[in-house]
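As a plain string of letters, each chain reads:
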Amino acid sequence: RMIRRPADKVEKVVSPTVAAPKRRSGKRVKITSTTSARANRRRENPLLVVLLWLLPMAAAVAAFATPFLGARAYEYLMSTGHFMVREVVLTGTDQLERPEVMELAGIRPGTHVLASDLEAMARRIRSHPWIANARVDRELPDRLMVHVDEHRPVAYVVLERLWLVNGSGEPFSEAARGRSLPLPLITGFKAEAFAPNATEGMRAMARADVRAAVNLA
């Protein structure tokens, strides 16, 4: 069954003139799959030869220039005041005062946020007898975050001298003169059990005995 289209529809379809494809000027290049043909084409094309020579040279120049540019960028970052420490957020302290922690960390005017060795800072803070753990983080552009965990004393123990012990039964600091805490006093332990040359087994047994004594106190 044939359906006739309206005349105006037919005119819209057939009236546009299709332009003939343009012929490309220049030599025709025949694409072959042989390796020798590609090699011959490279030799015959001077521009391709120059490009093949320039690309390795450009790569070598880039490899040489990158460390130089990186060094200049590093010099700029280290010299600009944009990354100098302007704020230190300290958390977790109860026994230690802020200036003491800052001195331990080595944070002072002119400290550079990017150049600071954060692990070294934390290690120096942990060297204080009252500090169980410490962590230092940076927040760009100009802030350092210092978090400390202090030992929590649970008793005094007599080990030739008076020591404070934490909840693990580990003596961590000698008791300061003129400073008294409302803690039980435990006696009957030998200082050799917590000496630096004591074996880990001896120290573990001594810590367990201290914990038991604290629970009974």
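The model shown is predicted, which means the values in this text are computed figures rather than measured ones.

Peer 1: Explain the overall build of the protein chain to me, using residue names and the numbers behind them.
Peer 2: A tally of regular secondary structure across the protein chain gives 6 helices and 7 strands. Helices (α) and strands (β) of the protein chain occur, in sequence order from the N terminus, as α-α-α-β-α-α-β-β-β-β-β-β-α. For the protein chain, buried positions account for 25% of its 217 residues. Restricting the contact set of the protein chain to residue pairs at least 6 apart, pairs at least 24 apart contribute 48%. Of the accessible surface of the protein chain, which amounts to about 16,500 Å², a share of 58% is contributed by carbon and sulfur atoms.

Peer 1: Could you give an account of the environment of M84, with specific residues and numbers?
Peer 2: Mapped onto the elements of the fold, M84 is located in the loop between α3 (46-79) and β1 (87-91). Judged by relative accessible area, M84 falls into the partly exposed class, the value being 24%. Sequence separation of M84 and V113 is 29 residues, and the distance between their C-alpha atoms is 5.8 Å.

Peer 1: How would you summarise the packing of aromatic side chains if you had to cite specific residues and measurements?
Peer 2: Within this structure, the stated rule accounts for 1 aromatic pair. Between W130 and F172 the ring centres are 5.0 Å apart and the planes differ by 75°, which places this aromatic pair in the edge-to-face class. One end of the pair, W130, is in the loop between α5 (118-126) and β2 (131-139); the other, F172, is in strand β6 (residues 171-174), and 42 residues separate them in sequence. For F172, a relative accessible area of 9% translates into the label buried.

Peer 1: How would you summarise the pairing of strand β3 (residues 143-150) if you had to cite specific residues and measurements?
Peer 2: Here β3 shows a clear split, with L144, V146, V148 and E150 buried on one side and none of R143, M145, H147 and D149 buried on the other. In this structure, β1 lies alongside β3, joined through 5 bridges in parallel fashion. In the sheet register, L90 faces β3, and the bridge partner there is V146. The pairing of β2 with β3 spans 8 bridges and is antiparallel. The residue bridging R138 from the neighbouring strand is L144, located in β3. Remark: 3 residues form the turn of the hairpin made by β2 and β3, two consecutive strands paired antiparallel.

Thresholds, definitions, all that
- Residues numbered from 1 in each chain as written.
- Predicted model: local features only at pLDDT ≥ 70, side-chain atom pairs only at ≥ 80, totals over all residues.
- Heavy atoms only, no water.
- Helix = DSSP H or I, 4+ residues; strand = E, 2+ residues; numbered from the N terminus.
- Buried < 20%, exposed > 50% of the residue type's maximum accessible area, 1.4 Å probe, protein only.
- Contact = heavy atoms within 4.5 Å.
- Areas by Shrake-Rupley, 256 points an atom, 1.4 Å probe, with all protein chains shown as cover.
- Phe/Tyr/Trp six-rings, centres within 6.5 Å; stacked < 30°, edge-to-face > 60°.
- Pairing = 2+ DSSP bridges.

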